[in-house]
Amino acid sequence: MVQNRRNRLIFIVVYLAYTAIYIARVNLSMAGPELIAANVLSTAQMGLLGSVFSTVYAVGRLINGGLSDRTPPWVMLTCGLGVAGLSNLLVGMLPPFIGMFFLWTANAYAQSMLWSSVLCVVSSMYEKNDAKQKTSIMVTSVAAGNILGIVINTLLITRLGVRFAFVVPGILTVVLGALVFVGTRHINPPVQAVEKKHVPMWQLLKNRELCTMGVPAVVHGIMKENISLWMTVYMIDTYCVDLSTSAYYVLLIPSIGFVGRLVYPACYRFCRGNENTVSLVGFAVCALCAVPLFFGAINMMVSVLCLGLIYTAVSMINTSILSIYPLHYLKTGNVASVSGIMDFATYLGGGVASVIYGITIERFGYLPMFASWVVTSLISMVLIQKIKNDRKREEQTT
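These figures come from a predicted structure and were not determined experimentally.

Each value, and the rule that gives it
- Residues numbered from 1 in each chain as written.
- Predicted model: local features only at pLDDT ≥ 70, side-chain atom pairs only at ≥ 80, totals over all residues.
- Heavy atoms only, no water.
- Patch = residues over 30% accessible without salt bridge, like charges linked within 9 Å, V, L, I, M, F, W, Y side chains within 5 Å.
- Areas by Shrake-Rupley, 256 points an atom, 1.4 Å probe, with all protein chains shown as cover.
- Salt bridge = Lys/Arg side-chain N within 4 Å of Asp/Glu carboxyl O.
- Helix = DSSP H or I, 4+ residues; strand = E, 2+ residues; numbered from the N terminus.
- Buried < 20%, exposed > 50% of the residue type's maximum accessible area, 1.4 Å probe, protein only.
- Expected span 1.5 Å × (residues − 1).
- Polar contact = N/O pair within 3.5 Å; in protein donor to acceptor, adjacent residues only side chain to side chain.

Novice: How would you summarise a nonpolar patch on the surface if you had to cite specific residues and measurements?
Specialist: Judged by side-chain polarity, Ile147, Ile150, Val151 and Leu155 come together as a nonpolar surface patch covering roughly 300 Å² of accessible area. Within the secondary structure layout, Ile150 lies in helix α7 (residues 140-159).

Below, the structure is given as structure tokens:
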């Protein structure tokens, strides 16, 4: 009973800490207009900070995934939260751009240290099936952090000034980092319990199933990142509306997408605790909703609904592939490594596709992009079903 209460308390603290880093991530977007208006940043510099964050975070996830398997979670979590918090605090001093660039790079890398170790904490406190359930709840911190980040940072900017959009999240992150240190100090690195079974990173990258799952990871990353990137431009170009009018519609897309994070635990239970089934349904929704967009949706509201449903489905796939699937590697102590590989594939897919779509949209419009979503979603469904079948046969033979 005492242990259960202790685990519950640790879970809550880690949940709050991971929620806080999103407040310390979206603050740049919320503060952007004020920083540009005050000549602290130019528009190009603002874009560069956003780009460097995504790039450094992707590379950091791959590096820190493997590192988290062999490092006690408290080390990764405390350092990550501490550096992220300190970086935000210093950005709040509004240094010259070069200083802000290095500080935001440090923030990105520090935040890439966290998720793999969060999975290690959850998997160390609960049995495999319970860990999957708890992870499906833990991942709702992403939605909670985004929503709170928008609300809290807006209030801080309008009431106290733009500096406080970095200072307050920075303080909050450091404080929660200290609490995480106290709560997780006793948890050992995953590989310590299964040293002889642990699979090196270079062997993981040759694992057939992992490579197969890498394709759906890339595909969902392509849709996730490019909906966010192109949705405003698509609405303006396609329906000839001004920016202020399109904003009301565009806001609905991520709002609907947040629902995917929040309802995942219920959907996971409905699919009998099989994350691959959730992903299959998600990719089916993506393919079906991309068809009307390819043929030309009737009106703007239909387009918004289709994009919103795709974003919701992608959010659920994201949870399955990046959070639940890595728990299958618990026995070999590779949860963190696999999580890092999947995250890297997701961000890599989004980044590469953005460049390709930019070229094709300029020459051929948006239809090729939507057509690619239909085709790649169907391919992903075939590959995930293959993984399901292979796992089922493996279970029957053991």
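Once the structure has been displayed, the description carries forward.
Novice: Account for the pattern of salt bridges, naming residues and giving values.
Specialist: Under the criterion given, the structure shown has 5 salt bridges. With a shortest N-O distance of 3.0 Å, Lys386 and Asp390 are connected by a salt bridge. Within this pair, Lys386 and its partner Asp390 are both found in helix α16 (residues 367-397), separated by 4 residues, close to a single helical turn. Classification of Asp390 as partly exposed rests on a relative accessible area of 27%.

Novice: Outline helix α13 (residues 275-295), supporting the account with residue identities and numerical values.
Specialist: Along its 21 residues, α13 runs 31 Å from first to last C-alpha, staying within 8% of the 30 Å computed at 1.5 Å per residue. Among the residues of α13, Glu275, Asn276, Val278, Ser279, Leu280, Gly282, Phe283, Cys286, Ala287, Cys289, Ala290 and Leu293 are the ones counted as buried. Where α13 begins, one side-chain oxygen reaches toward the backbone nitrogen of Asn276, 2.9 Å away; that side chain belongs to Asn274. Positioned one or two residues after α13, Gly296 has a phi angle of 95 degrees, which is positive.

Novice: Summarise unusual backbone geometry; cite the residues concerned and give the values.
Specialist: Non-glycine residue Asn39 carries a positive phi angle of around 60 degrees. One can find Asn39 in the loop between α1 (2-37) and α2 (43-70). Residue Asn39 is classed as exposed on the basis of its relative accessible area of 70%. Residue Arg272 is not a glycine yet carries a positive backbone phi of 60 degrees. In this fold, Arg272 is placed in the loop between α12 (252-270) and α13. For Arg272, a relative accessible area of 81% gives the class exposed.

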